Amino acid sequence: MKPAVFKKTAQVTVLMMFISALLPVLAFAATGFKDVVYRNNSVSGSVYSDVYSVNAQVYLYDPNGNYVGTASSATYSVYNGVYTYDFSLNNVSSYSYLKLKEKVTDSVYYTVYNSNSGRPGGGGGGGGGGGIISGPSINVPSDGSIDAYTLENALNNNDIVELVLSGDVALIPAKVLAKFTGDTKKALKIKNDKGSYMLPIHVLKLDDLAGKLSVSVDDMKIKVSISAASEAAVNGIKNAATALGATVVSGAVDFNLAAVGTGDKTQAVDLGNNYISRTLPLSKAVNPATATAVVYDPNTQKLSFVPALFSSSNESNEAVIKRNSNSIYTVIELSKSFEDVKGHWAQSYINLLANKLVVDGVTDTSFEPERNITRAEFAALVVRSLGLDQSAAASSSFKDVSSSEWYASVVASAVNAKIIDGYEDNTFKPNQAISREELAAMVVRALAYAGAKPDVSADRQSELLAKFKDSSKIVWAQNELAVAIEAGIVDGMTDTTIEPSKQATRAQSATMLNRLLTKANFIN
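The paragraphs below set out a description of the structure included in this document. (Residues numbered from 1 in each chain as written. Predicted model: local features only at pLDDT ≥ 70, side-chain atom pairs only at ≥ 80, totals over all residues. Heavy atoms only, no water.)

1. Comments concerning the packing of helix H7 (residues 375–385) against helix H9 (residues 436–449)
Then step 1. The interhelical angle for the contact between H7 and H9, taken along N-to-C directions, is 20°, at an axis separation of 11 Å. Considering their axes alone, H7 and H9 lie roughly parallel with respect to each other. Pair H7 / H9 crosses with right-handed handedness. Packed against H7, whose contacting residues are Arg375, Phe378, Ala379 and Val382, the element H9 presents Glu438, Leu439, Met442, Val443 and Ala446 at the interface.
Then step 2. For the contact of H7 with H9, the residue count by class is 7 nonpolar, no polar and 2 charged. (Axes fitted to C-alpha atoms, helices over the stretch in contact; angles between N-to-C directions. Helix = DSSP H or I, 4+ residues; strand = E, 2+ residues; numbered from the N terminus. Parallel < 35°, antiparallel > 145°, perpendicular 65-115°, else oblique. Left-handed = near helix turned anticlockwise from the far one by under 90°. Contact = heavy atoms within 4.5 Å. Nonpolar A, V, L, I, M, F, W, Y, C, P; charged D, E, K, R; others polar.)

What follows is the structure, encoded as structure tokens:
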């Protein structure tokens, strides 16, 4: 019997030596935690890895870093080359959270919160290749690769998962995102030293993107890049800012979002009217009234307004840019004023929107605030206020809007966004002075596009309009005017008159646009 025992022991020893020789190679494989629960003085969960471990264990530490105990794995399973080790430990003291460290690769940490203390879920910590969980964060290597299992685990435990880039790009497995597109709370925050990008997962139409790339969702990745603009773009921005009399106060950053299929074939992601937030660090604290975020167009070499909020603290100064398309962004400071608006009731609104590149003067020193404004001119101001991309909108269907007119792309963009419609004879009447009724309708539709339109019931509409004795003169926009009043965008001309057919002035237009931007949370 003894020779047989020694023979079996020797075979096991050889097998263990073989496995040990493989472990250094396999230790770079993805490893992480899943389904971890800390409740009623007990911790349980699983460690997944494509590394085989003879004696998988998990070390537990309290919030101060003191060793608490060891949870050993009693069972394991394997599927598609991934080992899952189940672990548990009872009679654990009650802490607000515990820090776990797996001993399969000895590289991944996980924080699990005590569900009895009212804080659900947990987040991981440093770990293996293809993505490292750290709290709700995953460190992404310079090639952009992200392990699908690690990302899914992080999203299961957190509404917002942070992807910290070592380089400029993240390649996100679409097959994981597909599991969360129905949850409006789930989002990815992609960041590096140049800025950050907040991507709500529900805005991604993965099946449509996969169809355009002729691949399955499982074979597709979502590529997010945050990179420094090219030298040519930086020089173009400086020249454009100088021409405006402005100063650049941030880096120029190129944000891009695309789906990637086989053979590196790409498809731009259409965000619809979903305004996605991007954050740019600023070189100094700024005054929100004179600072504006801008998008740079390399083709025209011009800067245009984009919605943004500014914040400053002892730790950082930043701009949060909101837009539904991707391009090169930066922040400028500009202090503009006009001689003929000094002392005017709308002076602050006009100057602010001039600094934001939303309104222009008639000359460098005059604005003509009491001049009437045409339908095409106001459509242009609304399109600018929303930061809409005009590059893909060259023409409209109106028979009186020629593609050669300056306002052709503006009108087309406004039509695409459902901000304007024409008359029954298929005309737009671009050069006709706009009435207060028409102006209110455009502003309310812009509010709807930005997701900031308040709901007004029929009873509330009657109540809002009843105080104006000339409300019966409203031809067709009763609801739009009521919504504009409810949103605080439109006032009566007096306490008892609204004058819906009166032609609107440039000052009134600037005032309503300022209120629109404030209501939509597009400016401070």
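2. Re the packing of aromatic side chains
Given two aromatic rings, one states the distance between the centres and the angle between the planes to describe the pair.
Then step 1. With the rule as written, the count across this model stands at 15 aromatic pairs.
Then step 2. Between Phe33 and Phe87 the ring centres are 6.1 Å apart and the planes differ by 90°, which places this aromatic pair in the edge-to-face class. Highlighted residues: Phe33 in strand S1 (residues 31–39) and Phe87 in strand S5 (residues 82–89), separated in sequence by 54 residues.
Then step 3. Phe33 gets classed as buried once you look at its relative accessible area, which sits at 0%. (Phe/Tyr/Trp six-rings, centres within 6.5 Å; stacked < 30°, edge-to-face > 60°. Buried < 20%, exposed > 50% of the residue type's maximum accessible area, 1.4 Å probe, protein only.)

3. Focus: helix H6 (residues 347–355)
Then step 1. What H6 keeps buried is the set Ile350, Asn351, Leu352, Leu353, Ala354 and Asn355.
Then step 2. Looking at the buried side of H6, the elements it contacts are strand S20 (291–297) and helix H12 (506–519).
Then step 3. Within two residues after H6, Leu357 carries a phi angle of roughly 65°, on the positive side.

4. Some words on the environment of Ala174
Then step 1. Within the secondary structure, Ala174 sits in helix H3 (residues 174–177).
Then step 2. Using a relative accessible area of 0% as the deciding quantity, one classes Ala174 as buried.
Then step 3. Between the C-alpha atoms of Ala174 and Val260, which are 86 residues apart in sequence, the distance is 9.5 Å.

5. Digging into the pairing of strand S22 (residues 308–312)
Then step 1. Strand direction decides the pairing type here: S22 and strand S23 (residues 317–323), joined by 5 bridges, are antiparallel. Bridging from a neighbouring strand, Leu309 pairs with Val320 of S23.
Then step 2. Here S22 folds back onto S23, and the loop between the two strands holds 4 residues. (Pairing = 2+ DSSP bridges.)

6. Some details on the nonpolar core
Then step 1. Core analysis: the biggest nonpolar cluster contains 82 residues, and Leu303, Phe378, Leu386, Ile419 and Val490 have the highest contact counts within it.
Then step 2. Looking at this core element by element, the count peaks at 8 residues for H9.
Then step 3. With residues up to four places along the chain from it excluded, the contact list for Leu303 reads Ile237, Ala240, Ala241, Leu244, Val294, Val295, Tyr296, Ile332 and Leu357.
Then step 4. Listed in part, the 54 residues of the second largest apolar core include Leu177, Leu209, Val215 and Val249. (Core = buried A, V, L, I, M, F, W, Y, C linked by side-chain atoms within 4.5 Å.)

7. Considering the pairing of S20
Regular strands place their side chains on alternate faces of the sheet.
Then step 1. Most of S20 is tucked away: 6 of the 7 residues are buried.
Then step 2. Where S20 lies against strand S24 (residues 328–333), 6 bridges are found, and the strand directions are antiparallel. Counterpart to Thr292 in the pairing with S24 is Ile332.
Then step 3. Here S20 pairs with strand S21 (residues 302–306) via 5 bridges, running antiparallel. Looking across to S21, one finds that Asp297 is bridged to Lys302.
Then step 4. Between S20 and S21, which pair antiparallel and follow one another directly, the connecting turn spans 4 residues, one of which, Gln301, has a positive phi of 55°.

8. Regarding unusual backbone geometry
Then step 1. Despite not being glycine, Asn41 shows a phi value in the positive range, around 60°.
Then step 2. Counting through the fold element by element, Asn41 comes out in the loop between S1 and strand S2 (42–49).
Then step 3. A positive phi is found at Lys418, a non-glycine position, where the angle reads about 60°.
Then step 4. Under the relative-accessibility criterion, Lys418 is labelled exposed at 66%.

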